[in-house]
Amino acid sequence: MRMLRVRLTLFGICFFLLSWLSGTSHAAHSFLPAAGESLTEYDELRQDHKLKLSFLKVGQGDAAILILPNGKTVLIDGGPPEAGEVILHKLIEAGIQKLDLVVSTHPDVDHIGGLITVIQQVPVMAVLDSGKPYYSLTYKLYRRSIRKRRLPFEYAKEGVYLPLDPDVSIQVMNNGKKKLENNESSIVLKIRYQRADFLLTGDADVKTEREMIEKYDMHADVLKVGHHGSYTSTSRAFLRQVNPLFAVISYERGNPYGHPHRSVLRRLKRFGIQMYRTADGDVEFETDGRSISVNGDMPLPLVR
Ligand SMILES: [Zn+2]
């Protein structure tokens, strides 16, 4: 435990130094690095005005990092507690020094566990929460970490758009208000950048999927499959509406829940959807709004 704390403190110092250095060297000329300085991945994305969404290998749980074309950064879920450090590494590796928004889709430990470490170690501008309270120790620690850092904390409202980048629409399609169970409380986000649509459903269940189909245009090119590929999500009617090219399932091999369930895998296959799994490693999408690439492969043009 003490070892972990020492390492986490080191991360904190690293972040501080990185932020300070970038603050001094970049201040005069926007985000372009000074001569002799190498570009981080983050700088490159900003220069090319690209959007990147990475689903991280965090064991049995969900975590995704979104880098918007204007450089704003969002962390959507933090995986289980031990994933906190994995995320810190990823942020440093990508050259991300602060998070403009942290979204916690719902209060289950495999989504908020790793957020506690991130909130303690990384400058975070605001936290968006599902609005579903929970009585677990992890949830209490998560709320305490936000209070301790005095972060702006807000409950997601259904239907609203998150104003992070004027070129990207991010709409909340579900929240935890008046919901009884954690999974159905999941914040669902649809992220649209020109022709590229991403749908992040947290652990939203079939009933919630039905409600959303009735209210919204659910089409997306990339679907983060609900609830780690459990049969409680991803109905046929929902898949027909979303009609994705790619699906990402976030889980750990050999998990005790048997995720992803065979019926869901079969359904995704029958729809001809290209499947990716975080169990095999991070799954990274990059788009300029007209075409999309996965894990650095040849970009595919987007038609709709
Ligand atoms: Zn989950």
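Criteria and thresholds
- Residues numbered from 1 in each chain as written.
- Predicted model: local features only at pLDDT ≥ 70, side-chain atom pairs only at ≥ 80, totals over all residues.
- Core = buried A, V, L, I, M, F, W, Y, C linked by C-beta atoms within 7 Å.
- Buried ≥ 20, exposed ≤ 12 C-beta atoms within 10 Å, placed from the backbone.
- Contact = placed C-beta atoms within 7 Å.
- Pairing = 2+ DSSP bridges.
- Helix = DSSP H or I, 4+ residues; strand = E, 2+ residues; numbered from the N terminus.
- Axes fitted to C-alpha atoms, helices over the stretch in contact; angles between N-to-C directions.
- pLDDT = per-residue confidence, 0-100.

1. Notes on the nonpolar core
Move 1: Formed by 70 residues in total, the largest nonpolar core has its most connected members in Ala-64, Leu-66, Ile-87 and Val-102.
Move 2: Setting aside residues no more than four positions away along its own chain, Val-102 makes contact with Leu-75, Leu-115, Val-118, Ile-119, Val-124 and Val-127.

2. Considering the sheet that holds strand β8 (residues 188–193)
Hydrogen bonding along the main chain pairs the strands of a sheet, whether they run parallel or antiparallel.
Move 1: The mixed open sheet is built from six strands, whose spatial order is β7-β8-β9-β10-β11-β12. Each end of this open sheet is capped by a strand with a single partner; those strands are β7 (168–174) and β12 (274–277). Here the strands of the sheet are splayed against their neighbours by 15° on average, with no regard to which way each runs.
Move 2: Pairing of strand β10 (residues 222–224) with strand β11 (residues 246–249) involves three bridges; the strand directions are parallel. Bridging across to β11, Leu-223 finds its partner in Ala-247.

3. Considering unusual backbone geometry
Move 1: With an omega of -5°, the peptide bond running from His-259 to Pro-260 counts as cis.
Move 2: In this structure, Pro-260 sits in the loop between β11 and α9 (262–270).
Move 3: Of note in the backbone geometry, Gln-194 takes a positive phi value of approximately 50° without being a glycine.
Move 4: Tracing the chain through its elements places Gln-194 in the loop between β8 and β9 (196–200).
Move 5: Judged by C-beta crowding, with 14 C-beta atoms within 10 Å, Gln-194 ranks as partly exposed.
Move 6: At His-227, a position not held by glycine, the phi torsion is positive, near 50°.
Move 7: Relative to the helices and strands, His-227 resides in the loop between β10 and α8 (236–242).

4. Some points on the sheet that holds strand β14 (residues 291–294)
Move 1: Sheet architecture is open: nine strands sit in the order β6-β5-β4-β3-β2-β1-β13-β14-β15, paired in mixed fashion. Where the open sheet ends on each side, the last strands, each with one partner, are β6 (153–155) and β15 (300–301).
Move 2: Sheet analysis places strand β13 (residues 283–287) next to β14, joined by three bridges and oriented antiparallel. By the bridge assignment, Thr-287 is partnered in β14 with Ile-292.
Move 3: Running at roughly 160° to strand β3 (residues 73–78), helix α3 (residues 83–94) makes contact with β2 (63–67) and β3 of the sheet.

5. Re the confidence of the model for the protein
Move 1: For the protein, per-residue confidence averages 90 on the pLDDT scale, and 88% of positions sit at 70 or higher.
Move 2: The low-confidence segment residues 1–6 (pLDDT under 50) makes zero contacts with residues lying over four places distant or belonging to another chain.
Move 3: Overall, residues 16–33 carries pLDDT values under 50, and its contacts beyond four positions in sequence, including any with other chains, amount to 14 contacts.

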